[in-house]
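Residue-level structure breakdown
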Amino acid sequence: MAGSDIVFLLFAAITIGSAALVVFSKRITYAAFALMFSLFGVAGLYVFLSADFLAAAQVIIYVGGILVLLLFGALLTVKVSSVTVTTKSTQRIWGTITGIGLLVLVLLIIIRADWFVPEKDPGDIYFAQSWQIGRQLMTEYLLPFEIASILLLAALIGAMFMIRSEDK
Amino acid sequence: MITQVITLDSFLIIGAALFILGILAVLTKRNAISVLMGIELILNAANINFVAFTFFRSYEIHGVLIALFIFVIGVSEAAVALAIVLNIYRNMQTVNLDEVDSLKK
């Protein structure tokens, strides 16, 4: 087993273990910090797929943006009097049944599907370099790019409109 | 870098595990913020699958670009959903999803 295999398995264990902590931990602040480690693990997996731009974006956007937002939300929606912020779960039985069923289904699909295999193994020649991403965004993906900017603007205005206080 | 361990299947299995954990969080959590965390896990699972298929099965980088757009959608979703959750808290003094049932009464 090469050294890269060990590092890969480490990142995979961090990702899945922290995600399990997010689901099964009792306190929401612990869940938020476990989510941070899980997102870092996903960024490491992106590096293994030689998508380093995506890894950097993952750390900046998810860990720096969304996670802080969620943590603020968790702390803002808590009564100060309640010391521990517990996240009890409901419908544990049905949720577990659905989860296990979906897991079996997805694993069956992964094992039995016969994926398209190109003649030459592309893994060695492929590199998602930043200039390629920029060029694709400005040519082939120009329309989705503009739609994404409109979506971001709409989300910004909508969130600000919803959150303002009613009394002037 | 492709070895015996780092294959397409291992990435797909990681993605499947993340997806199932996200589904579990969405289905069983009471706190709305925890449900949002589950949604983020699901989006990350989809992203891993896109990038893995691009790396192992394609000469183009379309999966990486789709993953970037999924980032954008995740950011917008988090902002708007958090605004909704804060509004629910302001109106009902709780974010537990089984107590927000005024439409059922």
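Residues numbered from 1 in each chain as written. Chains lettered and ligands numbered in written order. Predicted model: local features only at pLDDT ≥ 70, side-chain atom pairs only at ≥ 80, totals over all residues.

1. Some points on the confidence of the model for chain B
Averaged over every residue, the pLDDT of chain B is 88; residues scoring 70 or more account for 98%. Here the prediction assigns the complex a pTM of 0.88, and the interface score ipTM is 0.89. (pLDDT = per-residue confidence, 0-100.)

2. Overview of helix H3 (residues 52-76) of chain A
Compared with an ideal rise of 1.5 Å per residue, which puts 25 residues at 36 Å, H3 of chain A spans 34 Å between its outermost C-alpha atoms and is within 8% of the ideal. When the local axis directions of H3 of chain A are compared, the greatest deviation, roughly 30 degrees, occurs at Tyr 62 of chain A. Taken together, the buried positions of H3 of chain A are occupied by Leu 54, Ala 55, Gln 58, Tyr 62, Ile 66, Leu 67, Leu 70, Gly 73 and Ala 74 of chain A. The elements touched by buried residues of H3 of chain A are helix H2 (28-48) of chain A together with helix H2 (32-57) and helix H3 (62-92) of chain B. (Helix = DSSP H or I, 4+ residues; strand = E, 2+ residues; numbered from the N terminus. Expected span 1.5 Å × (residues − 1). Bend = angle between axes of the 7 residues up to and from the residue. Buried ≥ 20, exposed ≤ 12 C-beta atoms within 10 Å, placed from the backbone. Contact = placed C-beta atoms within 7 Å.)

3. What to know about the environment of Ala 51 of chain A
All names here are of chain A. As for its position among the elements, Ala 51 is in the loop between H2 and H3. The class for Ala 51 is buried, based on 30 C-beta atoms found within 10 Å. Between the alpha carbons of Ala 51 and Gln 129 there is a distance of 7.4 Å; along the sequence they are 78 residues apart.

4. Brief notes about the interface of chain B and chain A
Residue-level contacts link 61 residues of chain B with 70 residues of chain A. Those elements that place two or more of their residues in the side of chain B that touches chain A are helix H1 (8-28), H2 and H3 of chain B. Broken down by class, the residue content of the side of chain B that touches chain A amounts to 46 nonpolar, nine polar and six charged. (Nonpolar A, V, L, I, M, F, W, Y, C, P; charged D, E, K, R; others polar.)

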